[in-house]
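Chain by chain, the residues:
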Amino acid sequence: MTITKRHIKSKNGKVTEYYYVEVSRPGGGKIKRSVGKVGIATKAMAREMETELKKKIRKKQLGMEEIDVPILNDIKNEYLQYVRDVKKKRSWKRDEELLRPLCELLGNKLLSDISIKDLEEFKLIRLKKVSPATVNRSLSVLRHLYNLAKRWNKFYGDNPASIVGMLEERNQIERILSQWMRKIDC
């Protein structure tokens, strides 16, 4: 886990300095990568490459390969097909309705790019049109979508929908007895 400068001599005798990153593998051995020429590449770029290599090693150690993270619109279609055909969920159309406003706002973002801030903005925008309970149902469907994406090995990382808090629902109904109801003596 070191960043070094190497001097490489070309055929014409010119010496050029290069940044190199060296990372140790867990089972032994090392991975060495060239970052680029000193002056073009910086030490910060070398540190960034070093952290990326460490992440790749950790992922391979856990059995995770590099994956292409899908965008929300693509995974939404797979999710709806799964709940309709595999789970045989009768309310899959309701899930589709709940995901529609989310996809209008965040549909072209990668799952890994959707942040807690994005979901907080969604809650504020959506609260102007619907009740807090409906917003919470949208977030719970999104949370399920993320969990399925993880299970299908299409997404690794934190689920922002499970981190963001739910809104308080006030579903209490005030009931008043009418005059025709009498007190029953026991």
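Use the structure listed above.
Residues numbered from 1 in each chain as written. Predicted model: local features only at pLDDT ≥ 70, side-chain atom pairs only at ≥ 80, totals over all residues. Heavy atoms only, no water.

Colleague: I tried to follow the overall build of the protein chain on my own but got confused; where do I start?
Modeller: Along the protein chain, the regular secondary structure elements total six helices and three strands. Sequence-ordered secondary structure for the protein chain, helices as α and strands as β, is β-β-β-α-α-α-α-α-α. When burial is assessed residue by residue, the protein chain has 28% of its 186 residues classed as buried. Working note: accessible area of the protein chain is about 13500 Å², and carbon and sulfur atoms make up 49% of it. (Helix = DSSP H or I, 4+ residues; strand = E, 2+ residues; numbered from the N terminus. Buried < 20%, exposed > 50% of the residue type's maximum accessible area, 1.4 Å probe, protein only. Areas by Shrake-Rupley, 256 points an atom, 1.4 Å probe, with all protein chains shown as cover.)

Colleague: Even after reading the chapter, I still don't get helix H3 (residues 92-106), so can you show me in this structure?
Modeller: Structural remark: α-helix, 3.6 residues per turn; residues separated by three or four positions point the same way. For H3, which comprises 15 residues, the first-to-last C-alpha distance of 20 Å matches the rise-based estimate of 21 Å (1.5 Å per residue) to within 8%. The largest bend along H3 measures about 30° and falls at leucine 99, with the proline proline 101 one to four residues further on. When we look at burial in H3, the residues that qualify are Trp92, Asp95, Leu98, Leu99, Pro101, Leu102, Cys103 and Leu106. In this structure, the buried residues of H3 make contact with helix H2 (72-86), helix H4 (116-127) and helix H5 (132-151). (Expected span 1.5 Å × (residues − 1). Bend = angle between axes of the 7 residues up to and from the residue. Contact = heavy atoms within 4.5 Å.)

Colleague: Teacher, can you tell me more about the nonpolar core here?
Modeller: The nonpolar side chains of a soluble globular protein tend to be buried with one another. In terms of nonpolar packing, the biggest core is built from 27 residues, with Leu72, Tyr79, Leu111, Leu119, Leu142 and Leu145 touching the most fellow members. Looking at this core, the elements with two or more residues in it are H2, H3, H4 and H5. Per element, the largest residue contribution to this core is eight residues, and it comes from H5. Counting residues in hydrophobic clusters, the runner-up holds nine residues, among them Val35, Ala46, Leu53 and Ile57. (Core = buried A, V, L, I, M, F, W, Y, C linked by side-chain atoms within 4.5 Å.)

Colleague: Any chance you could explain the packing of H2 against H5 here in plain terms?
Modeller: For any two helices packed against each other, the geometry comes down to the angle between their axes and how far apart the axes lie. Between H2 and H5, the shortest axis-to-axis distance is 10 Å and the interhelical angle comes to 90°. Taken together, H2 and H5 sit at an angle that is classed as roughly perpendicular. Here Leu72, Ile75, Lys76, Tyr79, Tyr82 and Val83 of H2 lie close against H5, whose contacting residues are Val141, Leu142, His144, Leu145, Leu148, Ala149 and Arg151. Residue classes in the contact of H2 with H5 are distributed as ten nonpolar, one polar and two charged. (Axes fitted to C-alpha atoms, helices over the stretch in contact; angles between N-to-C directions. Parallel < 35°, antiparallel > 145°, perpendicular 65-115°, else oblique. Nonpolar A, V, L, I, M, F, W, Y, C, P; charged D, E, K, R; others polar.)

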